[in-house]
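Read off the chains here:
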Amino acid sequence: MANFLFYAFAFFTVATAAGVVASKNAVNAAMCLLLSLVGVAGLFVALNAYLLAFLLLLVYAGAIVALFLFIVMLLDMKETESRGFGKLSLAAIILAAGLLVTGLSTLVTRGHLDTGNPALTPALGTDIKFYAYQLFTTYLLPVQVMGFLLLIAMLGVIVLSKRWEGSDDVT
Amino acid sequence: MTSATLDHYVLISALLFAIGLFGVLLRRNTLVVFMCLELMLVASTLALVAFSRFNGTMDGNVFVFFILTVAAAEVAVGLAIIVALFRKRQTIQLNELNSLKN
């Protein structure tokens, strides 16, 4: 049963992620991103990281995708995405596809990552206490740096979106 | 059907990352490019959680916390930049934003 769920969520995640790239409309792309995030959250649950699955849904699906949708509605752009690529981007795409195929085939054929039996390995991600212990001991300084990062981001957004006097905005 | 191992999770993560990379390379709409960047970040978090689970450590899981925080800050600032850009130029298509070119 767990394996069936893994394959179902993996397929769902990859298919909807392809939908983000393929859909012409930005709203559809945002919706596909939302579904893909739900799939990743399901994979997190399969990995026993329940808190992270919940946080992923809360932060990404709840806040970030909603922000994306809000901006898409706000900008109200014309559907004029031109297709066709220049020589340079075509070369980059072919190179990236080649590297991707090489990497994935190497991973499938030769990559047997050395891990023990997952049933014997302790699933530390299940318990909130472990997160709290790590965050308040080993990672105490990074947590404070993150706090400052959020503050700076907030100030930066305010400065960026304020209409300054004498700016030559096209309105 | 074999049991899902670390290889499976890393493969899914690599696939997600590759799809995001293709989106960044292929699409012209800045918003969609940004969404594909988010997809790449999520792919990396999936790999971190999988490694953490199969090795019995906590560090990968905690690192995902920080990635989520940075992603939230990044999206806020990035979308503010896109809105400011749209106000100035009335377009967010990447191939039309070429005023630095000549």
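See the structure printed just above.
Residues numbered from 1 in each chain as written. Chains lettered and ligands numbered in written order. Predicted model: local features only at pLDDT ≥ 70, side-chain atom pairs only at ≥ 80, totals over all residues. Heavy atoms only, no water.

(A) How the structure looks around the overall build of chain A. Counting secondary structure elements, chain A contains six helices and zero strands. Counted from the first residue to the last, chain A has its helices and strands arranged as α-α-α-α-α-α. Within chain A, buried positions represent 32% of all 171 residues. The long-range share in chain A, meaning contacts at least 24 apart out of those at least 6 apart in sequence, stands at 56%. Summed over all atoms, the accessible surface of chain A reaches about 10,600 Å², with 73% contributed by carbon and sulfur. (Helix = DSSP H or I, 4+ residues; strand = E, 2+ residues; numbered from the N terminus. Buried < 20%, exposed > 50% of the residue type's maximum accessible area, 1.4 Å probe, protein only. Contact = heavy atoms within 4.5 Å. Areas by Shrake-Rupley, 256 points an atom, 1.4 Å probe, with all protein chains shown as cover.)

(B) Summary view of the packing of helix α4 (residues 87-109) of chain A against helix α1 (residues 6-26) of chain B. Between α4 of chain A and α1 of chain B, the least distance of the axes is 11 Å, while the angle of their chain directions is 180°. It follows that α4 of chain A is roughly antiparallel to α1 of chain B by the angle criterion. Contact residues: α4 of chain A offers A92, I93, A96, A97, L100, L104, L107 and V108 of chain A, while α1 of chain B offers V10, L11, A14, L15, A18, L21, F22, L25 and L26 of chain B. In terms of residue class, the contact of α4 of chain A with α1 of chain B is built from 17 nonpolar, no polar and no charged. (Axes fitted to C-alpha atoms, helices over the stretch in contact; angles between N-to-C directions. Parallel < 35°, antiparallel > 145°, perpendicular 65-115°, else oblique. Nonpolar A, V, L, I, M, F, W, Y, C, P; charged D, E, K, R; others polar.)

(C) Structural context of unusual backbone geometry. All names here are of chain A. The backbone of N48 sits at a positive phi, close to 65°, despite the residue not being glycine. Secondary-structure assignment places N48 in the loop between α2 (26-46) and α3 (50-75). We classify N48 as buried; its relative accessible area is 19%.

(D) Spatial organisation of the side chain of Q134 of chain A. One can find Q134 of chain A in helix α5 (residues 128-136). For Q134 of chain A, a relative accessible area of 15% translates into the label buried. Once residues lying within four places of it in the same chain are set aside, the contact partners of Q134 of chain A are Y139 of chain A together with M58, D59 and V62 of chain B.

(E) Spotlight on the interface of chain B and chain A. Across the boundary between the two partners, chain B contributes 72 residues, which contact 84 residues of chain A. Of the roughly 7,200 Å² buried between chain B and chain A, counting both surfaces, carbon and sulfur atoms make up 76%. When the area that chain B buries against chain A is broken down by residue, the three leading residues are M35, R53 and R87 of chain B, summing to 11%. One can count zero salt bridges joining chain B with chain A. Between the two partners, chain B and chain A, sit seven residue pairs in polar contact (both at pLDDT 80 or more). The element best represented in the side of chain B that touches chain A is helix α3 (residues 59-89) of chain B, accounting for 24 residues. (Buried area = accessible area lost by both parts, 1.4 Å probe. Salt bridge = Lys/Arg side-chain N within 4 Å of Asp/Glu carboxyl O. Polar contact = N/O pair within 3.5 Å; in protein donor to acceptor, adjacent residues only side chain to side chain.)

Coordinates in, geometry out; function isn't part of it.
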